[in-house]
Amino acid sequence: MSDSAGGGESGGGAGQDSEADNEPPQQPPPLLPGGAGEISEEGASPSAKRLRMSEEGVGQDQVVEPGQRHEETPTQPSSLQGMPAQTAEGDLLQCEEGGHSGKEVVVVGEEEEYHQNGEEGPKPEEEHNGDGSAESPGDGQQYVEEKRLSLDFTQNPQMLTGSWTEYSNLPENYLKGCKWAPDGSCILTNSADNVLRVYNIPPEIYSYNWDLLPEMSPVLRMAEGDTIYDYCWYPKMNSLEPDTCFLASSSRDNPVHVWDAFYGEVRASFRPYNHLDELTAAHSLCFSPDGAQLYCGFDKMVRVFHTERPGRDCEERPTIVKKQGQSGIISCFGFSPCQSVYACGSYSRCAGLYSCQDGTLLALLPTRHHGGLTHLLFSPDGNYLYTGGRKDPEILCWDLREPGRVVFALKRNVATNQRIYFDLDQSGRYLLSGDTEGVVSVWDTHTAPPDGNEELLQPQLRFQAYWDCTNGVSIHPFMPLLATSSGQRQFPWPGDSEGDSASDTEGSGAVMSQQDTRQDNVLTLWWAGPLSPAAEGSQDQSTTAAEA
């Protein structure tokens, strides 16, 4: 992608803040003294990714934090930290297509070699099993398919770690969702301070050393100039290929920015203009599955940009033609995994299906939601479409083989205009969603009757993740890891006053206030898979000791 104009452009006619509940513009936080995308630590290098050094001069397991450089460090920037899965001795782990890791682990005898990003490692012919026999890539992929850990919701997920201090520097810095990278190497978050943050996953998660997990800290901070409407990863993102590591975001009165996921800098921008030749902001974003196009949602309009051609040139696809079609602001997108079809949700409480070739309207689903649509997802087989809206208690499952037919509904509490995300696992079996009460619900869609008639599907599991709103839920592409985010705008009660809060600065009142802040605006990682034998044994021992 060519390096086009950076951020900061603004226009006079754009900027309806319908999606952000009329939130006032906020200034970038003081922890970004040098502008967008800079790291607050002094002396931090432009590349904020962690490097795992080779044996030359540094121990094999030594981690170099952002801002630290070794004399023999390769000049090529490190990519997002990839995550190897646990394996038995003598096996080669290779992440399968659609959920690949940024690092390979080759286990030879008693030694492990980590190959991350662009670092050189043994040639394929030098990779051997424990018995000395070479293993083909196909065997490695087959091994992953057999040994990959699956989600287990027979019990509540186990909380591993999270990030809360990062969001306590500013008042009311609540989160607005979280999204795993397509290769599973890191997490992207959005928050009320208009900063996108990238987190690497602590490597202790994969060794089951969960008692040693530290609080997570972002390795990148990318500050937008105003309220962020939407953000998304490039779908072909691979940590081994730095050119593919980028994401897009849209904010009020600004063009669509493409951020480099290595350095946190604006790599390019897409500038949509309205009929008055004024810059207008996109309310929703989504890359096409092949990453060649970027779809942007506007009022009764979809604009399609070519990813390789930043600038203002785009294809305009009106959603209303001759007073027929889908009205309202296009608030969310979704692409069918098996057909050349995409779905658009709008604040007019309906969803439409369109052709990817020319944007022709194929079907307009009935208006069944009580509020404007904020999120939608296709099932992995492409037969079903899940839609959810704001101030709407239901997620509806539509059978696209019979457009207009609702198979079943899922009940959740959504009492605000905030976008409450939900997510499906790779098999399409489990659907997870938070709600405004802080509860995360898990539904097993396979338990729905095949000939269901809009029945209400009961959740298989519900657990209290936070005391406040759980607005983001994201499932790891190939591991039983969940990421959740929490928080919402707090409105003081009529009885609250500055005098009351000042009188509580000493004693337990201040402590409770800090605890509330920590529990409110948090990014959390959860383990939703089977425990290792060692972890299960220690858990049994602790249970026995407690009973004794």
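Please refer to the structure placed before this passage.
A quick note: this is a predicted structure, and the numbers were derived from the prediction, not measured.

S.K.: I'm lost on the overall build of the protein in this one. Help?
M.R.: The helix and strand tally for the protein stands at four helices and 36 strands. Sorting the 548 residues of the protein into buried and exposed places 53% on the buried side. Restricting the contact set of the protein to residue pairs at least 6 apart, pairs at least 24 apart contribute 58%. In the structure as shown, the protein presents an accessible area of about 24500 Å², 46% of it carried by carbon and sulfur atoms.

S.K.: In this structure, what is going on with the environment of Thr374? I would like to understand it.
M.R.: Structurally, Thr374 is set in strand 25 (residues 373-378). With a relative accessible area of 1%, Thr374 lands in the buried category. Separated by 13 residues in the primary sequence, Thr374 and Thr387 have C-alpha atoms spaced 8.0 Å apart. Other than its neighbours up to four places away in sequence, Thr374 contacts Ser331, Cys332, Tyr347, Gly388, Gly389, Arg390, Arg419 and Ile420.

S.K.: Can you help me understand the nonpolar core in this one?
M.R.: Nonpolar side chains tend toward joint burial in soluble globular proteins. By size, the foremost hydrophobic cluster in this structure holds 22 residues, and its most contacted members are Leu160, Ile205, Trp210, Leu525 and Trp527. Contributions of two or more residues to this core are made by strand 7 (175-180), strand 35 (481-486) and strand 36 (523-527). In this view, Trp527 contacts Leu149, Pro157, Gln158, Leu160, Ile205, Tyr208, Trp210, Met479, Pro480 and Leu481; residues no more than four positions away in its chain are not counted.

S.K.: I would appreciate a short explanation of the pattern of salt bridges in the present structure.
M.R.: Where side chains of opposite charge bring their charged atoms close, a pairing between them can arise. Scanning the entire structure with this criterion turns up 14 salt bridges. Note that Lys300 is salt-bridged to Asp299, the shortest N-O span being 3.3 Å. Take Lys300: its relative accessible area is 34%, and that puts it in the partly exposed class. Taking the shortest distance from any N to any O, the salt bridge between Arg429 and Asp444 comes out at 2.9 Å. Within this pair, whereas Arg429 is found in the loop between strand 29 (422-424) and strand 30 (430-433), its partner Asp444 is found in strand 31 (residues 439-444), the two being separated by 15 residues in sequence. When its relative accessible area of 32% is taken as the criterion, Arg429 is described as partly exposed. On the accessibility criterion, Asp444 (5% relative accessible area) is buried. Salt bridges here are not isolated pairs; linked through shared partners, they connect Glu166, Asp193, Arg197 and Arg221.

S.K.: Just checking my understanding: could you explain the sheet that holds strand 26 (residues 384-389) for this structure?
M.R.: Sheets are built from strands paired through backbone hydrogen bonds, the pairs being either parallel or antiparallel. Spatial ordering of the open sheet is given by 25-26-27-28-32, a layout of five strands whose pairing is mixed. Lying at the two open borders of the sheet, with one neighbouring strand each, are strand 25 and strand 32 (455-457). Sheet twist, expressed as the average angle between the axes of neighbouring strands with direction ignored, equals 25°. Relative to strand 32, strand 28 (residues 405-411) runs parallel, the two being bridged by three bridges. The partner of Leu410 across the bridge, within strand 32, is Leu457.

S.K.: In this structure, what is going on with the pairing of strand 25? I would like to understand it.
M.R.: In regular strands, side chains alternate between the two faces of the sheet. Among the six residues of strand 25, six are classified as buried, and the element is accordingly described as predominantly covered. Note that strand 25 and strand 26 share five bridges and pair antiparallel. Residue Leu377 lies in a different strand from strand 26, and its bridge partner there is Tyr386. Adjacent in sequence and paired antiparallel, strand 25 and strand 26 are bridged by five residues, among which Gly382 carries a positive phi angle near 80°.

S.K.: What's the story with the packing of aromatic side chains in this structure? I'm lost.
M.R.: Describing an aromatic ring pair means giving the distance of the ring centres and the angle of the ring planes. For the structure shown, the criterion picks out 13 aromatic pairs. Plain terms: the ring middles of Tyr234 and Phe287 are 5.6 Å apart, the flat faces sit at 90° to each other, and that makes the pair edge-to-face. On the criterion of sequence distance, the pair formed by Tyr234 in the loop between strand 11 (228-233) and strand 12 (246-251) and Phe287 in strand 15 (residues 284-287) is long-range, its members being 53 residues apart. The exposure class of Phe287 is buried, given its relative accessible area of 5%. Through a chain of ring-to-ring contacts, three or more aromatic side chains come together here, namely Tyr295, Phe333, Phe335, Tyr342 and Tyr354. One cation-aromatic arrangement involves Lys179 over Tyr231; the distance from NZ or CZ to the ring centre is 4.3 Å. Seen from the ring of Phe298, Arg303 lies directly overhead, with NZ or CZ sitting 4.6 Å from the centre.

S.K.: Can you walk me through the sheet that holds strand 30 in this structure?
M.R.: Pairing in this open sheet of four strands is antiparallel, and the strands run 29-30-31-33 from one edge to the other. Strands with a single pairing partner mark the edges of an open sheet, and in this sheet they are strand 29 and strand 33 (461-464). Across the sheet, the axes of successive neighbouring strands diverge by a mean angle of 15°, strand direction being ignored. Relative to strand 30, strand 29 runs antiparallel, the two being bridged by three bridges. Across the sheet, residue Asp423 finds its bridge partner in strand 30, namely Leu432.

S.K.: Sorry if this is basic, but what is going on with the side chain of His257 here?
M.R.: By the secondary structure assignment, His257 is in strand 13 (residues 256-260). One polar contact links His257 to Glu224, side chain to side chain, over a distance of 3.1 Å.

S.K.: Would you mind going over the environment of Asp435 with me for this structure?
M.R.: Mapped onto the fold, Asp435 is located in the loop between strand 30 and strand 31. Placed 36 residues apart in sequence, Asp435 and Asn471 show a C-alpha to C-alpha distance of 6.5 Å. Not counting the four nearest positions on each side in its chain, Asp435 is found in contact with Arg412, Asn413, Ile420, Arg462, Cys469 and Thr470. Among the polar contacts made by the side chain of Asp435, one reaches the main-chain amide nitrogen of Glu437 at a distance of 3.0 Å.

S.K.: I keep staring at the state of the cysteines and nothing clicks. Help me out?
M.R.: What is meant by a disulfide is a covalent connection between two cysteines, made through their sulfur atoms. In the structure shown here, the tally under the stated rule is zero disulfides. Here Cys314 is not disulfide-linked; the sulfur of Cys296 is the nearest cysteine sulfur, at 8.0 Å. Using a relative accessible area of 30% as the deciding quantity, one classes Cys314 as partly exposed. Cys344 forms no disulfide, and the closest cysteine sulfur to it belongs to Cys332, at a distance of 8.1 Å. The buried category is assigned to Cys344, whose relative accessible area is 0%.

Rules of the game
Per chain, the residues get numbers from 1 upward, laid out in the order the sequence is written. For a predicted model such as this one, the threshold for reporting local features is a pLDDT of at least 70, and the threshold for listing and counting side-chain atom pairs is 80 or more; totals across whole chains, interfaces and linings nevertheless cover every residue. Excluded from the side-chain calculation are hydrogens and water; included are all heavy atoms of the structure. Segments assigned H or I by DSSP are reported as helices when at least four residues long, segments assigned E as strands when at least two residues long, and all are numbered from the N terminus. Summary of the burial criterion: residues with accessible area below 20% of their type's maximum are buried, those above 50% are exposed, and those between are partly exposed, where the area comes from a 1.4 Å probe applied to protein chains only. Residues count as neighbours in contact if any of their non-hydrogen atoms are within 4.5 Å of one another. Computed with a 1.4 Å probe, the accessible areas rest on the Shrake-Rupley method; for each residue, only the protein chains presented here act as cover. Definition of nonpolar core: a set of buried residues of the types Ala, Val, Leu, Ile, Met, Phe, Trp, Tyr and Cys, connected through side-chain atoms within 4.5 Å. Just to be clear on terms, a salt bridge is a Lys or Arg side-chain nitrogen sitting within 4 Å of an Asp or Glu carboxyl oxygen. By the convention used here, strands pair only if DSSP detects at least 2 bridges between them. For helices, the fitted axis covers only the stretch in contact; all axes are lines through C-alpha atoms, and the angles between them, taken along N-to-C directions, range from 0 to 180 degrees. Planes of paired rings set the category: under 30 degrees apart is stacked, over 60 is edge-to-face and the rest tilted, where pairs are Phe, Tyr or Trp rings (Trp by its six-membered ring) whose centres lie within 6.5 Å. Lysine and arginine charges are scored as sitting over a ring when NZ or CZ, respectively, is within 6 Å of the ring centre and within 35 degrees of the ring normal. We define a polar contact as two N or O atoms separated by no more than 3.5 Å, with the added condition that, inside protein, one atom must be a possible hydrogen donor and the other a possible acceptor, whereas residues neighbouring each other in sequence contribute only through side-chain atom pairs. The criterion for a disulfide is a pair of cysteine sulfur atoms lying within 2.5 Å.

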